[in-house]
Amino acid sequence: MRSVLVGLPGSRLADVAPVLEGLRRLHRRARVITLEGRWWHTAEGLVIQADGGVEEPVPPDAGLCIIPGGLYEADIWSDLRLHRYLRRFSTTGGFFAASEEGLLCLASAGILGGLRFTAPPALVEAHKPLFHFAIFESRPVVIDANLISSDGSDPRAFHRAVFERLNLRP
């Protein structure tokens, strides 16, 4: 099973660091994709070379798509190229692991319909129309169908939930 990390400008690596560390311990690496297929500039000031872009095909054995939170401008989470990639990924039967503002990407792509999720309450309130067809739960981590969501308050619990859902042991 491959993992894909969606590196959007200004996203927080800290949100998903425990998940990435767990993958590393299993000698697995998340393939980093960005909107342009170039560099990923994290909120922490790191610059990471991308392995590809969202316009490339989803790897057929991709089982996990990780979307970190970040202070995204609307043109980032509403990017149609990103929507296409996320929709293509959703057809693979893989899981989404999204933290905080990463849920905006899934909601604007129309992937959250009918699913339970968590995110910071202020974020959900500020973007209420996007989350209209999903079910918000105020908990640190929520798992429903192929979605593992986190409000960002407990990265370790997010890590445990992802690995339990995927039946992996770091």
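From a predicted model like this one, the values you see are computed outputs, not experimental measurements. (Residues numbered from 1 in each chain as written. Predicted model: local features only at pLDDT ≥ 70, side-chain atom pairs only at ≥ 80, totals over all residues. Heavy atoms only, no water.)

**So, the overall build of the protein**
Regarding its fold elements, the protein presents six helices and eleven strands. Taking 170 residues into account, the globule formula puts the C-alpha radius of gyration at 15 Å, and the protein, at 14 Å, falls close to it. When the backbone C-alpha atoms are referred to their principal axes, the protein occupies close to 35 × 35 × 30 Å. Put simply, the protein has 170 residues, and 55% of those count as buried. Long-range contacts, defined here as pairs at least 24 residues apart, represent 64% of the contacts in the protein between residues at least 6 apart. (Helix = DSSP H or I, 4+ residues; strand = E, 2+ residues; numbered from the N terminus. Rg over C-alpha atoms; globule rule 2.2 N^0.38 Å. Buried < 20%, exposed > 50% of the residue type's maximum accessible area, 1.4 Å probe, protein only. Contact = heavy atoms within 4.5 Å.)

**Quick look at the pattern of salt bridges**
Per the counting criterion, the structure on display carries 16 salt bridges. Glutamate 55 is paired through a salt bridge with arginine 81; the nearest N and O atoms lie 4.0 Å apart. Residue glutamate 55 is located in the loop between strand 5 (52–53) and strand 6 (62–67), and its partner arginine 81 is located in helix 3 (residues 80–90); the two are separated by 26 residues in the primary sequence. What makes glutamate 55 exposed here is its relative accessible area of 53%. Its relative accessible area of 19% is what places arginine 81 among the buried residues. (Salt bridge = Lys/Arg side-chain N within 4 Å of Asp/Glu carboxyl O.)

**A closer look at the side chain of asparagine 146**
The residue asparagine 146 is located in the loop between strand 10 (141–144) and strand 11 (147–150) in this model. Under the relative-accessibility criterion, asparagine 146 is labelled buried at 18%. At 3.4 Å, the side chain of asparagine 146 and the backbone oxygen of glycine 94 are in polar contact. (Polar contact = N/O pair within 3.5 Å; in protein donor to acceptor, adjacent residues only side chain to side chain.)

**Observations regarding the pairing of strand 10**
For strand 10 and strand 11, the ladder comprises four bridges, and the chain directions are antiparallel. Looking across to strand 11, one finds that valine 141 is bridged to serine 150. If you look at the hairpin formed by strand 10 and strand 11, you'll find two residues sitting between the two strands, and alanine 145 has a positive phi there, around 55°. (Pairing = 2+ DSSP bridges.)

**So, the pairing of strand 2 (residues 30–34)**
Each regular strand shows side chains that alternate between the opposite faces of the sheet. Extensive coverage of strand 2 is indicated by the burial of five of its five residues. By the alternation rule, side chains of strand 2 split into Ala30, Val32 and Thr34 and Arg31 and Ile33, which are all buried. Bridge count for strand 1 (residues 2–6) against strand 2 is four bridges, and the pairing is parallel. Opposite valine 4, over in strand 2, you have arginine 31 as the bridge partner. Once the chain exits strand 1 it traverses helix 1 (residues 17–25) before rejoining the sheet at strand 2, and the crossover so formed is right-handed. (Right-handed = clockwise from strand over helix to strand, strands pointing away.)

**Examining the state of the cysteines**
Per the counting criterion, the structure on display carries zero disulfides. Here cysteine 65 is not cross-linked by a disulfide; its sulfur's nearest cysteine counterpart is in cysteine 105, at 9.3 Å. (Disulfide = S-S within 2.5 Å.)

**Things to note about the environment of arginine 116**
Position of arginine 116 among the secondary structure elements: in strand 8 (residues 116–117). Taking the relative accessible area as the measure of exposure, arginine 116 reaches 25% and is therefore partly exposed. Along the sequence, arginine 116 and leucine 147 sit 31 residues apart, while their C-alpha atoms lie 8.4 Å from each other. Residues in contact with arginine 116, not counting those within four places in the same chain, are Ile135, Glu137, Arg139, Val142, Ile143, Asp144 and Leu147. In this structure the side chain of arginine 116 is engaged in a polar contact, spanning 2.9 Å, whose partner is the backbone oxygen of isoleucine 143.

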